[in-house]
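Descriptive analysis of the structure
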Amino acid sequence: MSYSIIDGKAISAQIKEECKQQVLAYKEKGIEICLAVIQVGADPASSVYVNNKKKACEFCGMKSLSYELPEETTEDELLALIHKLNDDPSVNGILVQLPLPKHIDEDLVIRTIDPKKDVDGFHTQSVGALCIGQPGFVSCTPAGIIQLLKRSGIEIAGKECVVIGRSNIVGKPMALLLLRENGTVTVCHSRTKDLKEVTKRADILIVAIGKPKFITSDYVKEGAVVIDVGIHRNENNKLCGDVDFDDVAEKTSAITPVPGGVGPMTIAMLMHNCVASYELQN
Ligand code: GUN
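None of these values were measured; they are calculated from a predicted model.

**Describing the pattern of salt bridges**
Applying the stated criterion across every chain yields a total of six salt bridges. The closest approach of N and O atoms between Lys150 and Glu181, which form a salt bridge, is 3.1 Å. Taken together, the positions of Lys150 in helix H6 (residues 140-151) and Glu181 in the loop between helix H7 (171-180) and strand E6 (184-188) put the pair 31 residues apart, joining distant regions of the chain. Judged by relative accessible area, Lys150 falls into the partly exposed class, the value being 42%.

Right, dumping it as structure tokens:
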């Protein structure tokens, strides 16, 4: 079967361009949108993500404030900074890069961010709002996957959607978003009994397992759409996903590559959320 490759790089560029135009329109009204990015410690992977987020702000014409705090920062110090940013009307979005050092309670930190500035969509209020269909921020990776599907002309309503993975950042909000789009949704996880039996029912299969090349063609129905959230680096420094692309692609109607699929969408949706944050606050 011939399949199409869902081009996350192109779709994310399109979304960032739209954000840039919206930011420009605000600028003409004298409004500047500002994202505060906080990193605690110097984890190299986190530094790469944080830098990419700052670069995306620059591309879109947004202001970014950068707080690079030492590993020894106390929980109270971090909470005090978040309170200060919550109270600052010139700051629209607040992002605390995860993971945090072990001595800091991550849940408490997320809960402390004003839900109106929670551009990551991790606050219990944001998740609750998503759950009952009220306005609020949506976690960037799953929101990006919905955009990949919609902008590739893939209908969700009425489809069998199977999500593998139940994390708070991807799996759970992904299931809620697919449900909001009127998909019939099943969530699988490490305790699912016959995983293959379930995934083979999927018209749309979203894979967020965290194991390189775990999903082979025998997990996939002929003509399914496969979205790969995984990202791993093999021994030759080459990137791969949770899906064995070379084995699976021919069986699909559309599939995301790694790199260049879901990955670039997260930051594009963060930019989207930053623009939306101004609207939510005013
Ligand atoms: N760490 C890994 N992914 C993310 C993300 O999307 N947001 C934040 N804040 N931290 C992360």
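**Some remarks on the side chain of His232**
With respect to the element layout, His232 can be found in strand E9 (residues 232-233). Here the side chain of His232 touches Asp242 through a polar contact of 2.6 Å, side chain to side chain. If near-sequence neighbours (up to four positions away) are discounted, His232 is found in contact with Gly210, Lys211, Pro212, Lys238, Leu239, Cys240, Gly241 and Asp242.

**Remarks on the nonpolar core**
Taken as a class, soluble globular proteins show a tendency for nonpolar side chains to be buried jointly. Counting residues in each nonpolar core, the largest one holds 50 residues, and the members touching the most others are Met62, Leu149, Leu178 and Ile206. In terms of residue count, helix H10 (residues 263-281) provides more of this core than any other element does, nine residues in total. If sequence neighbours within four positions are ignored, Met62 has contacts with Val23, Ile33, Cys57, Met271, Cys274 and Val275.

**Structural notes on the layout of surface pockets**
Each pocket or cavity is described by its volume, and for the largest pocket that value is around 1200 Å³. In terms of lining residues, the largest pocket is bounded by 39 residues, among which Tyr49, Thr141, Ile231, Gly263 and Thr266 are the most central. Put simply, the parts of the chain that give the lining of the largest pocket at least two residues each are helix H1 (8-28), helix H2 (44-60), strand E4 (93-96), H6, E9 and H10. Its residues assigned to classes, the lining of the largest pocket comprises 22 nonpolar, 11 polar and six charged.

**What to know about the sheet that holds strand E8 (residues 224-228)**
Adjacent strands of a sheet form backbone hydrogen bonds with each other and so pair up, either parallel or antiparallel. Strand order in the open sheet formed by six strands is E1-E11-E8-E7-E5-E6, and the pairing between neighbours is parallel. Of all strands in the sheet, those bounded by a partner on one side alone are strand E1 (4-5) and E6. Sheet analysis places E8 next to strand E11 (residues 252-255), joined by three bridges and oriented parallel. Bridge pairing links Val225 to Ala254 in E11. Sheet strands in contact with H7 are strand E5 (160-164), E6 and strand E7 (204-207), and its direction is about 170° off that of E5.

**Notes on the site of the ligand**
All residues adjacent to the ligand are Lys53, Leu95, Val96, Gln97, Leu98, Asp120 and Phe122. The contact in question runs from a nitrogen atom of the ligand to an N or O atom on the side chain of Asp120, over 2.6 Å. Alone, the ligand offers 280 Å² of accessible surface; in the complex the protein occludes 78% of this. Applying the majority rule of atoms within 2 Å of the grid points places the ligand in the largest pocket.

**Focus: the environment of Met271**
With respect to the secondary-structure elements, Met271 resides in helix H10. What makes Met271 buried here is its relative accessible area of 0%. Separated by 124 residues in the primary sequence, Met271 and Gln147 have C-alpha atoms spaced 14 Å apart. Other than its neighbours up to four places away in sequence, Met271 contacts Lys16, Cys19, Lys53, Ala56, Cys57, Cys60 and Met62.

The rules we used
Residues numbered from 1 in each chain as written. Predicted model: local features only at pLDDT ≥ 70, side-chain atom pairs only at ≥ 80, totals over all residues. Heavy atoms only, no water. Salt bridge = Lys/Arg side-chain N within 4 Å of Asp/Glu carboxyl O. Helix = DSSP H or I, 4+ residues; strand = E, 2+ residues; numbered from the N terminus. Buried < 20%, exposed > 50% of the residue type's maximum accessible area, 1.4 Å probe, protein only. Polar contact = N/O pair within 3.5 Å; in protein donor to acceptor, adjacent residues only side chain to side chain. Contact = heavy atoms within 4.5 Å. Core = buried A, V, L, I, M, F, W, Y, C linked by side-chain atoms within 4.5 Å. 1 Å grid on protein atoms, 1.4 Å probe; cavity = no way out; pocket = protein on both sides within 12 Å on 5 of 7 lines; lining within 4 Å. Points joined across faces, edges and corners; volume = space filled by probe spheres on them. Nonpolar A, V, L, I, M, F, W, Y, C, P; charged D, E, K, R; others polar. Pairing = 2+ DSSP bridges. Axes fitted to C-alpha atoms, helices over the stretch in contact; angles between N-to-C directions. Near = heavy atom within 4 Å. Areas by Shrake-Rupley, 256 points an atom, 1.4 Å probe, with all protein chains shown as cover. Sits in = over half its atoms within 2 Å of the grid points.

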